[in-house]
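As a plain string of letters, each chain reads:
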Amino acid sequence: MSSSYWLVKSEPSTYSYADLERDGKTVWDGVRNFTARGHLNEMKVGDPVFFYHSQDGKAVVAIAEVSREAFPDASDETGRFVAVELKPKRALKSQVTLEAMKANPALADLKMIRQGRLSVSPVTPDEWRAILKMAGE
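Residues numbered from 1 in each chain as written. Predicted model: local features only at pLDDT ≥ 70, side-chain atom pairs only at ≥ 80, totals over all residues. Heavy atoms only, no water.

Q: Can you help me understand helix H5 (residues 125–134) in this one?
A: Structurally, the α-helix is built with 3.6 residues per turn, so residues lying three or four positions apart point the same way. The set of residues buried in H5 consists of Glu127, Trp128, Ala130, Ile131 and Leu132. Where H5 is buried, its residues touch strand E1 (5–10), strand E3 (48–53), strand E4 (59–72), strand E5 (82–97), helix H3 (98–103) and strand E6 (120–123). Of the residues one or two after H5, glycine 136 is the one with positive phi, at around 80°. (Buried < 20%, exposed > 50% of the residue type's maximum accessible area, 1.4 Å probe, protein only. Helix = DSSP H or I, 4+ residues; strand = E, 2+ residues; numbered from the N terminus. Contact = heavy atoms within 4.5 Å.)

This is the structure we're talking about:
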């Protein structure tokens, strides 16, 4: 059983969960924030990941899974940043909006809310369960 849970953000016009399902896997690269890089380095194969659509939609829409741990990000010419590989698991029964998450006291400390610019952030087991409950699961 996994001990770490994560949330990644992507603008659906750039790369949506439907794109991940179509592709079967993707390299999660292009992250240029040192805190987010640290989170990528902590991800382990099998860790579950909430897939959040940012900008358009602003909602957790699905669950993905880490399928390859951190490796050098080929899109980074400096060699300082890493990428991971994700594969799709399933869409949530109901999307969980940012507005709904902000209104839930159980998610008051959710890193994605408190550090909104992070594209990769940890989720505690209690937060994970709260979001799943909000999704009707």
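Q: Mind showing me how you'd approach the sheet that holds E1 here?
A: Strands pair in a sheet through their backbones, by hydrogen bonds, and they do so in one of two ways: parallel or antiparallel. Spatially, E2-E5-E4-E3-E1-E6 is the arrangement adopted by the six strands of the open sheet, whose pairing is mixed. Single-partner strands in this sheet number two, and they are strand E2 (26–28) and E6. Strand-to-strand twist across the sheet, computed as the mean angle between neighbouring axes with direction ignored, equals 40°. Pairing analysis gives six bridges linking E3 to E4, with the strands arranged antiparallel. The residue of E4 that forms the bridge with valine 49 is alanine 64. (Pairing = 2+ DSSP bridges. Axes fitted to C-alpha atoms, helices over the stretch in contact; angles between N-to-C directions.)

Q: For this particular structure, what's the right way to read the packing of aromatic side chains?
A: The relation between two aromatic rings is expressed through the spacing of the ring centres and the mutual angle of the planes. Inspection of every chain in the model, using the stated rule, returns five aromatic pairs. Among the aromatic residues, those joined into a cluster by ring pairs are Tyr5, Phe50 and Trp128. For arginine 37, the ring lying beneath its charged end belongs to phenylalanine 81, and the centroid distance is 5.7 Å. Its guanidinium or amino end placed over the ring of phenylalanine 71, arginine 68 lies 3.7 Å from that ring's centre, counting from NZ or CZ. (Phe/Tyr/Trp six-rings, centres within 6.5 Å; stacked < 30°, edge-to-face > 60°. Lys NZ or Arg CZ within 6 Å of the ring centre and 35° of its normal.)

Q: It is not clear to me how the pattern of salt bridges should be interpreted in this structure. Could you clarify?
A: Once the charged atoms of two side chains with opposite charge are near each other, the side chains can pair. Counted according to the given criterion, the structure contains nine salt bridges. Salt-bridge contacts for glutamate 85 lead to lysine 25; the nearest nitrogen and oxygen are separated by 3.9 Å. You can see glutamate 85 sitting in strand E5 and its partner lysine 25 sitting in the loop between helix H1 (17–23) and E2, a full 60 residues away along the chain. We classify glutamate 85 as buried; its relative accessible area is 14%. With a closest N to O distance of 2.3 Å, arginine 129 and aspartate 126 form a salt bridge. (Salt bridge = Lys/Arg side-chain N within 4 Å of Asp/Glu carboxyl O.)

Q: Please explain the nonpolar core as it appears in this structure.
A: The tendency in soluble globular proteins is for nonpolar side chains to be buried side by side. The biggest cluster of nonpolar side chains holds 22 residues, and the ones touching the most others in it are Val8, Trp28, Met43, Val49, Phe51 and Val120. At the level of elements, E1, H1, helix H2 (34–42), E3, E4 and E5 are the ones that each hand at least two residues to this core. Among the elements that make up this core, the one with the highest residue count is E4 (five residues). Core analysis: the second largest hydrophobic core is formed by 19 residues, Ile63, Met101, Leu107 and Met112 among them. (Core = buried A, V, L, I, M, F, W, Y, C linked by side-chain atoms within 4.5 Å.)

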